[in-house]
Amino acid sequence: MPRTRRTDTADRLKRAAKQLFLERGYGGTTIADIETGAGLAPRSGTFYRHFESKEALLVSIGEEIIERPGEVLNETTLALGDTRAELVLIARGYQLAAERQAPLRALIAETVSLPGIQALVAGVETELVERLGRWLALKPATQNMDAAEQCALFIQILGGWVFWLSKQGTPAFPPELDDQRMLELWADRWAAVLDKAP
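Residues numbered from 1 in each chain as written. Predicted model: local features only at pLDDT ≥ 70, side-chain atom pairs only at ≥ 80, totals over all residues. Heavy atoms only, no water.

Peer 1: Requested: an account of the packing of aromatic side chains, with residues and values cited.
Peer 2: Taken as a whole and judged by the stated rule, the model has five aromatic pairs. On the basis of an interplanar angle of 50 degrees and a centroid distance of 5.3 Å, the ring pair of F21 and Y26 is categorised as tilted. Here F21 and Y26 have matching classes, each one buried. Centroid distance W164 to F173: 5.3 Å. Interplanar angle 55 degrees. Geometry classified as tilted. Under the relative-accessibility criterion, F173 is labelled partly exposed at 25%. (Phe/Tyr/Trp six-rings, centres within 6.5 Å; stacked < 30°, edge-to-face > 60°. Buried < 20%, exposed > 50% of the residue type's maximum accessible area, 1.4 Å probe, protein only.)

Next up, the structure:
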C-alpha cells in the first residue's frame, strides 16, 4: 500500500505519542503535546482527523507493538514432536515478549484500566490460552482431563517460569541456578510430566 500524507501524519502522531507516553506517562501527555511532538500545530484539529481520542491512539500503538502469541506460538512451531523442545520454545517466547515489554511496564500499569487497553490485553491473553490449551490437550498426561484441569495444569507449568523471570538474579537463589540451568530443569520436569500417560 503506498504511503499517503494521511498515513504519514498518523505515523508521526504515533511516534510522538509513544515517546511522550514513555517520558511523561499517559496522564502527563496532552493531545496538544502529541501534535507539537509530531510537528503539527497544537489544537488545530489535525489529531482528531486521525484518532478519535488519546485512548484510541494508545490502542493503535499497542496493536503495533504488542507480542501476538500467533507470531511465535503457532501450529507449526508447537508441533515439533518433542515436548521438551516445545516447552523451551514457549518459555523463550514468553521471555522475549517480557523483555520487549519491559520499557513499557510503567505505561502499561498506568493505562491497564482503560477499556481499549483492557480489550487489547484480553484479546492477546485469550489467544495465548487458546493456542497453548490446544497444544496441551495433545499431550498424553492430559487425555483424561477436563478443560478446568488442563487450565490449572497450564497455569502451574507457565507459572513456574514466569515466577523465575520475575525473580531471577535475586540473591535468594543459588548462583549456579542461572537462566539456562533453570530453563533446562523446568523443561525436563514438565516434559516428563506431560509425556507420561495417565
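The discussion continues.
Peer 1: Which residues make up unusual backbone geometry, and what values go with them?
Peer 2: Its identity as a non-glycine residue notwithstanding, R43 has a phi of 60 degrees, on the positive side. Looking at where R43 falls in the secondary structure, it is placed in the loop between α2 (31-37) and α3 (54-65). (Helix = DSSP H or I, 4+ residues; strand = E, 2+ residues; numbered from the N terminus.)

Peer 1: Residue-level account of the nonpolar core, with values.
Peer 2: In terms of nonpolar packing, the biggest core is built from 23 residues, with L87, I157, W161 and W186 touching the most fellow members. Looking at this core, the elements that each hand over two or more residues are α5 (83-101), α7 (115-137), α8 (147-167) and α9 (179-194). Listed in part, the 20 residues of the second largest apolar core include A10, L20, F51 and I117. (Core = buried A, V, L, I, M, F, W, Y, C linked by side-chain atoms within 4.5 Å.)

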